[in-house]
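# Structure assessment
The chain contents come next:
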Amino acid sequence: MTVLATCTHQGYTVGSVSSGMITCPCHDGMFSFAGTVMGGPATKPLPEVQIKVDGDTISLV
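Keep in mind the model is a prediction, meaning the values are calculated, not measured. (Residues numbered from 1 in each chain as written. Predicted model: local features only at pLDDT ≥ 70, side-chain atom pairs only at ≥ 80, totals over all residues. Heavy atoms only, no water.)

## Looking at the overall build of the protein
Helices and strands together make up the secondary structure of the protein, namely 0 helices and 8 strands. The order of α-helices and β-strands along the protein, N terminus first, is β-β-β-β-β-β-β-β. Taken over the C-alpha atoms alone, the protein extends approximately 35 × 20 × 15 Å along its principal axes. Looking at the protein as a whole, 21% of its 61 residues qualify as buried. Restricting to contacts in the protein with at least 6 residues of sequence separation, those with at least 24 account for 28%. Total accessible area on the protein stands at roughly 4100 Å², and carbon and sulfur atoms take up 54% of it. (Helix = DSSP H or I, 4+ residues; strand = E, 2+ residues; numbered from the N terminus. Buried < 20%, exposed > 50% of the residue type's maximum accessible area, 1.4 Å probe, protein only. Contact = heavy atoms within 4.5 Å. Areas by Shrake-Rupley, 256 points an atom, 1.4 Å probe, with all protein chains shown as cover.)

Given below as structure tokens:
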């Protein structure tokens, strides 16, 4: 599973990944690596997206 890097609170791009959390810098939204909301103002998980891995290239399907 791969999740889209757009915060579900107001659509900002998440800014960092550390300590097992994906963090949105705008309002301190926190998500697990699976996209589940772990804290902050977001109420919906990060949306799932399908990807294709071909050698060293990763692309959205």
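More follows now that the structure is in view.
## Let's talk about the environment of D54
Mapping D54 onto the fold places it in strand β7 (residues 51-54). Judged by relative accessible area, D54 falls into the exposed class, the value being 53%. For the pair formed by D54 and G39, sequence separation is 15 residues and the distance between their alpha carbons is 34 Å.

## What to know about a nonpolar patch on the surface
Residues I51, V53, I58 and L60 make up a contiguous nonpolar surface patch of about 410 Å² in total accessible area. Among the secondary structure elements, those contributing two or more residues to the nonpolar patch are β7 and β8 (57-60). Counting through the fold element by element, I58 comes out in strand β8. Residue class for I58 comes out exposed when judged on its relative accessible area of 61%. (Patch = residues over 30% accessible without salt bridge, like charges linked within 9 Å, V, L, I, M, F, W, Y side chains within 5 Å. Salt bridge = Lys/Arg side-chain N within 4 Å of Asp/Glu carboxyl O.)

## A short note on the side chain of T23
Here T23 lies in strand β3 (residues 21-24). Setting aside anything within four residues of it in sequence, one finds T23 in contact with V14, G15, S16, G29 and M30.

## Brief notes about unusual backbone geometry
In the Ramachandran plot, S19 falls in the positive-phi region, its phi being about 50° despite a non-glycine side chain. As for its position among the elements, S19 is in the loop between β2 (16-18) and β3. The exposed category is assigned to S19, whose relative accessible area is 77%.

## Details of the environment of L4
With respect to the helices and strands, the residue L4 is situated in the loop between β1 (2-3) and β2. When the C-alpha positions of L4 and P47 are compared, they lie 5.6 Å apart, and in sequence the two are 43 residues distant. If near-sequence neighbours (up to four positions away) are discounted, L4 is found in contact with L46, P47 and V49.

That's the geometry; what it means functionally is another story.
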